[in-house]
Amino acid sequence: MADDSDGTLPEADIHDVLRNDRRRMVIELLGDADEPVTARELSEAVAARETGEDPPPRDVRQSVYISLQQTHLPKLSDLGIVEYDEQTKEVRPAEHAPAVGVYMEVVPKYGLSYAEFCGSLGVLGALLVAAAEVGVPVVSEVSASAWAVAVFGVLVASAVYRTYSRRSTLVHRLRN
């Protein structure tokens, strides 16, 4: 395993892992799973994402399965990102999975990152409060403080949802 002296995974290794679409998909799929996933299940899910077909063609599933078995799962296992049991073919997140997950979250391939969502919500809230204060029609029908409480409530609700939906959070680590 390529740990730094402080037991963390070097940033270069994380970037190397995330450079590959199949490895990134494996990490995402494991993050969504409640229990260990087999290499076969992973290969079917990755092949379905790659082809856009469900079920994906047999030759694609087989190609993905072989590449996961021979290349991607051993690499992820060596880095401590997944635990891969070669006998049962079961895969589960390992010690360094949360660190890699943070990089995937901060720099999403598509869509809005959580930081962008929070920042946008903050700007929207500030605009709504300002608009209510200066008397903009329709918006000023609701008080500025009510707008502030509503936006703050959405922000807190999204943080609570995110905390309980992500297995890499402190709350889940403490519960386990």
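Residues numbered from 1 in each chain as written. Predicted model: local features only at pLDDT ≥ 70, side-chain atom pairs only at ≥ 80, totals over all residues. Heavy atoms only, no water.

### Considering the confidence of the model for the protein
Quick reminder of the rule: The quantity called pLDDT is the predictor's confidence in a given residue, expressed from 0 to 100. Under the scheme used here, helices are H or I runs from DSSP no shorter than 4 residues and strands are E runs no shorter than 2 residues, and both carry numbers assigned from the N terminus.
Confidence in the prediction for the protein averages 84 pLDDT; 84% of positions are at 70 or higher. Element-level mean pLDDT values for the protein span from 54 in helix α8 (residues 170-175) up to 94 in helix α4 (residues 58-78).

### Considerations on the sheet that holds strand β2 (residues 82-85)
The condition is simple: Between any two strands, pairing holds if DSSP finds at least two bridges.
Ordered by their spatial adjacency, three strands build an open sheet running β1-β3-β2, and the pairing between neighbours is antiparallel. The open sheet terminates on both sides in strands that have one partner only, identified here as β1 (37-38) and β2. Relative to strand β3 (residues 90-93), β1 runs antiparallel, the two sharing two bridges. Paired with valine 37 across the two strands is valine 91, which belongs to β3.

### Things to note about α4
Convention followed: The span you would expect from a helix comes to 1.5 Å times its residue count less one. Each residue gets one of three labels from its accessible area relative to the maximum for its type: buried under 20%, exposed over 50%, partly exposed in between, using a 1.4 Å probe on protein chains only. Any two residues whose heavy atoms approach within 4.5 Å at even a single point are treated as in contact.
Taking 1.5 Å as the rise per residue, α4 with 21 residues should run 30 Å; its terminal C-alpha atoms sit 29 Å apart, in good agreement. Taken together, the buried positions of α4 are Val64, Tyr65, Ser67, Leu68, His72, Leu73 and Leu76. In this structure, the buried side of α4 is in contact with α1 (11-18), α2 (21-32), α3 (39-51), β2 and β3. The positive-phi residue at the C-terminal boundary of α4 is glycine 80, with phi of around 75°.

### As for the side chain of arginine 22
Using the following cut-off: Polar contacts here mean pairs of N or O atoms no more than 3.5 Å apart (in protein, one a potential hydrogen donor and the other a potential acceptor; neighbouring residues in sequence count only if both atoms are side-chain atoms).
Turning to its location among the elements, arginine 22 is positioned in helix α2. Within the structure, arginine 22 has its side chain in polar contact with the side chain of glutamate 50 (distance 2.7 Å). With residues near it in sequence (within four places) discarded, arginine 22 still touches Val46, Glu50, Ser63, Val64, Ser67 and His72.

### Observations regarding the UniProt feature "transmembrane region" (unreviewed entry) in the protein
Keep this limit in mind: UniProt positions are given in the numbering used here, feature names are shortened, and annotations may be inferred rather than shown by experiment.
Sites flagged by UniProt as "transmembrane region" (unreviewed entry) map to residues 114-132 and 144-164. A helix fraction of 100% and a strand fraction of 0% characterise residues 114-132, whose end C-alpha atoms lie 27 Å from each other.

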